[in-house]
Amino acid sequence: MPELTELFAVVDAIALPILGLWALLSTKLSVGEALRRAERRFMIALVIISLVTLRTVMRLDEVWLIHTLTLASMVLGVFTVPSREGALAV
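Residues numbered from 1 in each chain as written. Predicted model: local features only at pLDDT ≥ 70, side-chain atom pairs only at ≥ 80, totals over all residues. Heavy atoms only, no water.

A. Fine view of the overall build of the protein chain. Looking only at helices and strands, the protein chain has 4 helices and 0 strands in total. Each helix and strand of the protein chain, ordered N terminal to C terminal, gives the series α-α-α-α. Taken over the C-alpha trace, the protein chain has a radius of gyration of 15 Å; the compact-globule value for 90 residues is 12 Å, which it surpasses by more than 25%. Projected onto its principal axes, the C-alpha positions of the protein chain cover 55 × 20 × 15 Å. Within the span of the protein chain, comprising 90 residues, buried residues form 28% of the whole. Long-range pairs, those at least 24 residues apart, make up 62% of the contacts in the protein chain with a sequence separation of at least 6. In the form shown here, the protein chain has an accessible surface area of approximately 6,300 Å², with 75% of it arising from carbon and sulfur atoms. Where the 8 positive side-chain charges of the protein chain centre and where its 8 negative ones centre are 13 Å apart. (Helix = DSSP H or I, 4+ residues; strand = E, 2+ residues; numbered from the N terminus. Rg over C-alpha atoms; globule rule 2.2 N^0.38 Å. Buried < 20%, exposed > 50% of the residue type's maximum accessible area, 1.4 Å probe, protein only. Contact = heavy atoms within 4.5 Å. Areas by Shrake-Rupley, 256 points an atom, 1.4 Å probe, with all protein chains shown as cover. Lys, Arg positive; Asp, Glu negative; His and termini not counted. Charge placed at Lys NZ, Arg CZ, Asp CG, Glu CD.)

B. The packing of helix 2 (residues 33-59) against helix 3 (residues 64-80), seen in detail. Remark: helix 2 packs on helix 3, axes separated minimally by 9 Å, with the N-to-C direction vectors making an angle of 150 degrees. Relative to helix 3, the element helix 2 is oriented roughly antiparallel. Considering only the axes of helix 2 and helix 3, their crossing is left-handed. On helix 3, the residues touching Phe 42, Ala 45, Leu 46, Ile 49, Ser 50, Val 52, Thr 53, Thr 56 and Val 57 of helix 2 are Trp 64, His 67, Thr 68, Thr 70, Leu 71, Met 74, Val 75 and Val 78. Along the lines of polarity and charge, the residues of the contact of helix 2 with helix 3 split into 11 nonpolar, 6 polar and no charged. (Axes fitted to C-alpha atoms, helices over the stretch in contact; angles between N-to-C directions. Parallel < 35°, antiparallel > 145°, perpendicular 65-115°, else oblique. Left-handed = near helix turned anticlockwise from the far one by under 90°. Nonpolar A, V, L, I, M, F, W, Y, C, P; charged D, E, K, R; others polar.)

Structure (C-alpha coordinates):
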(Lines give C-alpha, C1' and ligand atoms only; values in the text may rest on other atoms or scores of the structure.)
Protein backbone atom coordinates (compact mmCIF):
# COMPACT_ATOMS: atom_id res chain seq x y z
CA MET A 1 0.00 0.00 0.00
CA PRO A 2 2.86 2.50 0.47
CA GLU A 3 3.49 2.31 -3.27
CA LEU A 4 -0.03 3.59 -3.94
CA THR A 5 0.42 6.63 -1.71
CA GLU A 6 3.79 7.38 -3.29
CA LEU A 7 2.23 7.10 -6.74
CA PHE A 8 -0.54 9.51 -5.69
CA ALA A 9 2.06 11.99 -4.41
CA VAL A 10 3.94 11.87 -7.72
CA VAL A 11 0.75 12.30 -9.73
CA ASP A 12 -0.28 15.16 -7.44
CA ALA A 13 3.07 16.87 -7.96
CA ILE A 14 3.02 16.46 -11.75
CA ALA A 15 -0.64 16.62 -12.77
CA LEU A 16 -1.54 19.87 -11.02
CA PRO A 17 1.18 22.01 -12.66
CA ILE A 18 0.31 20.49 -16.05
CA LEU A 19 -3.36 21.35 -15.49
CA GLY A 20 -2.44 24.93 -14.58
CA LEU A 21 -0.12 25.34 -17.55
CA TRP A 22 -2.72 23.89 -19.92
CA ALA A 23 -5.44 26.21 -18.60
CA LEU A 24 -3.18 29.27 -18.87
CA LEU A 25 -1.94 28.50 -22.37
CA SER A 26 -5.39 27.64 -23.66
CA THR A 27 -6.59 31.03 -22.45
CA LYS A 28 -3.72 32.85 -24.12
CA LEU A 29 -3.87 30.97 -27.45
CA SER A 30 -7.64 30.97 -28.00
CA VAL A 31 -9.74 33.56 -29.82
CA GLY A 32 -13.45 34.19 -30.21
CA GLU A 33 -15.90 31.73 -28.68
CA ALA A 34 -13.08 29.31 -27.80
CA LEU A 35 -11.60 32.09 -25.66
CA ARG A 36 -14.77 32.32 -23.57
CA ARG A 37 -14.72 28.55 -22.94
CA ALA A 38 -11.00 28.68 -22.14
CA GLU A 39 -11.57 31.50 -19.64
CA ARG A 40 -14.21 29.41 -17.85
CA ARG A 41 -11.85 26.42 -17.76
CA PHE A 42 -9.09 28.69 -16.44
CA MET A 43 -11.27 29.97 -13.61
CA ILE A 44 -12.29 26.42 -12.66
CA ALA A 45 -8.65 25.30 -12.73
CA LEU A 46 -7.65 28.33 -10.66
CA VAL A 47 -10.23 27.51 -7.99
CA ILE A 48 -9.20 23.85 -7.91
CA ILE A 49 -5.50 24.68 -7.67
CA SER A 50 -6.21 27.28 -4.96
CA LEU A 51 -8.11 24.75 -2.86
CA VAL A 52 -5.49 22.05 -3.34
CA THR A 53 -2.74 24.52 -2.45
CA LEU A 54 -4.60 25.54 0.69
CA ARG A 55 -5.02 21.89 1.69
CA THR A 56 -1.37 21.14 0.95
CA VAL A 57 -0.07 24.06 2.99
CA MET A 58 -2.39 23.30 5.92
CA ARG A 59 -1.31 19.64 6.00
CA LEU A 60 2.39 20.54 5.52
CA ASP A 61 2.75 18.14 2.60
CA GLU A 62 6.08 17.88 0.86
CA VAL A 63 4.69 19.26 -2.43
CA TRP A 64 3.51 22.56 -0.96
CA LEU A 65 6.15 24.52 -2.87
CA ILE A 66 5.15 23.01 -6.21
CA HIS A 67 1.49 23.84 -5.62
CA THR A 68 2.28 27.37 -4.46
CA LEU A 69 4.49 28.01 -7.49
CA THR A 70 1.79 26.64 -9.79
CA LEU A 71 -0.79 28.99 -8.28
CA ALA A 72 1.60 31.94 -8.47
CA SER A 73 2.52 31.21 -12.08
CA MET A 74 -1.14 31.05 -13.06
CA VAL A 75 -1.90 34.38 -11.43
CA LEU A 76 1.19 36.12 -12.81
CA GLY A 77 0.90 34.42 -16.19
CA VAL A 78 -2.41 36.10 -16.85
CA PHE A 79 -0.68 39.46 -16.75
CA THR A 80 2.70 38.66 -18.28
CA VAL A 81 1.99 36.24 -21.14
CA PRO A 82 0.67 38.09 -24.20
CA SER A 83 -2.56 36.82 -25.73
CA ARG A 84 -3.33 36.11 -29.38
CA GLU A 85 -6.51 38.16 -29.45
CA GLY A 86 -4.65 41.47 -29.29
CA ALA A 87 -2.31 40.42 -32.09
CA LEU A 88 -5.21 39.52 -34.38
CA ALA A 89 -6.85 42.92 -33.93
CA VAL A 90 -4.07 44.65 -35.88
